[in-house]
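Observations on the three-dimensional arrangement
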Amino acid sequence: MTSIITKGMTRRGVLRAFAATAVVAAPTYANAFGFLKGAGDIRRVKMYSGRTGERIDTIYWIEGEYIPEALAEINHFMRDWRTGGTINIDTRTLDIMAASHNMLETDAPYMMLSGYRSPQTNGMLRSKSRGVARNSLHMKGQAADLRLENRSVRQIASAALACSAGGVGKYSSSNFVHMDCGPVRVWGR
């Protein structure tokens, strides 16, 4: 398996060392507004890709600041694996993913099924399925399709809905949840 996690004594390395001990104790704020509910003082994404075999476990926000090096790693990880194309993943989507994960109280990583999709990939998928939107937010880096091995679609979707920050699609028959930072809406069962 390939791993994109890097190590070093950069600013990010120091933050990661600090965060590794603090992330378990990071507070969540039940009365916080919008997508910050449940996000805590440290924001982390922990995912793996069944398509590429890659894993990522990184702190991307700390002390009110996004970490550019971590965002670059996330952008690469969430690339269109069919074309290799990348885009800057919208941090609002990452925040929804992180807050949802925290609310689910699990250490298991998300399995990412789809992050960024190039227009070519989206068109190909659209030709095979009616469930793929013509103007999918995946093409803008504003959506992710995710599953968790130890949580149900209903549980994951409920956590994402609690963020009140974007779209949540429940795909129970395919065992995944779509999260995006577009208008607040819900679909599927």
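Residues numbered from 1 in each chain as written. Predicted model: local features only at pLDDT ≥ 70, side-chain atom pairs only at ≥ 80, totals over all residues. Heavy atoms only, no water.

Let's shift gears to the overall build of the protein. When helices and strands are counted, the protein shows five helices and eight strands. The 189 residues of the protein split such that 47% are buried. Put simply, 56% of the contacts in the protein that link residues at least 6 apart link residues at least 24 apart. Only carbon and sulfur atoms are counted for the fraction: they give 53% of the accessible area of the protein, which is about 9700 Å². (Helix = DSSP H or I, 4+ residues; strand = E, 2+ residues; numbered from the N terminus. Buried < 20%, exposed > 50% of the residue type's maximum accessible area, 1.4 Å probe, protein only. Contact = heavy atoms within 4.5 Å. Areas by Shrake-Rupley, 256 points an atom, 1.4 Å probe, with all protein chains shown as cover.)

For the rest of this paragraph, the subject is the packing of aromatic side chains. Counting across every chain of the model gives two aromatic pairs. The interplanar angle of 15° and the centroid separation of 6.1 Å between the aromatic rings of Y60 and Y66 together place this pair among those described as stacked. Look at Y171 and F176: their rings are 4.6 Å apart centre to centre, the planes differ by 15°, and that puts the pair in the stacked class. Residue class for F176 comes out buried when judged on its relative accessible area of 13%. The positively charged end of R43 is found above the aromatic ring belonging to W61, 3.7 Å away from the centroid. Across the ring face of Y48, the terminal group of R55 is positioned such that the distance to the ring centre comes to 4.9 Å. (Phe/Tyr/Trp six-rings, centres within 6.5 Å; stacked < 30°, edge-to-face > 60°. Lys NZ or Arg CZ within 6 Å of the ring centre and 35° of its normal.)

Let us look at the pattern of salt bridges. A full pass over the atoms with the stated rule returns seven salt bridges. Close ionic contact of R79 with E54 constitutes a salt bridge, the shortest N to O distance being 2.9 Å. Here R79, found in the loop between α2 (68–77) and α3 (91–103), pairs with E54, found in the loop between β1 (42–49) and β2 (55–62); they are 25 residues apart in sequence, far enough to count as distant. In this structure, D180 and R185 form a salt bridge, with 2.8 Å as the shortest nitrogen-oxygen distance. The class for D180 is buried, based on a relative accessible area of 1%. (Salt bridge = Lys/Arg side-chain N within 4 Å of Asp/Glu carboxyl O.)

In this structure, M47, Y60, M78, L94, M97, L146 and M179 are the most contacted members of the largest nonpolar core, which totals 39 residues. Sorting the residues of this core by element identifies β1, β2, α2, α3, β4 (110–114), β5 (143–147), α5 (153–162) and β7 (176–180) as the ones contributing at least two each. When residues no more than four places from it in sequence are discounted, the contact partners of L146 are M47, M97, Y110, M111, M112, F176, V177 and M179. (Core = buried A, V, L, I, M, F, W, Y, C linked by side-chain atoms within 4.5 Å.)

Estimated volume of the largest pocket: approximately 560 Å³. For the largest pocket, the lining is made up of 29 residues, of which R117, V132, H138, D145 and F176 are closest to its centre. The residue makeup of the lining of the largest pocket, split by class, is 11 nonpolar, eight polar and 10 charged. (1 Å grid on protein atoms, 1.4 Å probe; cavity = no way out; pocket = protein on both sides within 12 Å on 5 of 7 lines; lining within 4 Å. Points joined across faces, edges and corners; volume = space filled by probe spheres on them. Nonpolar A, V, L, I, M, F, W, Y, C, P; charged D, E, K, R; others polar.)

Read these as layout, nothing more, since geometry by itself doesn't imply function.
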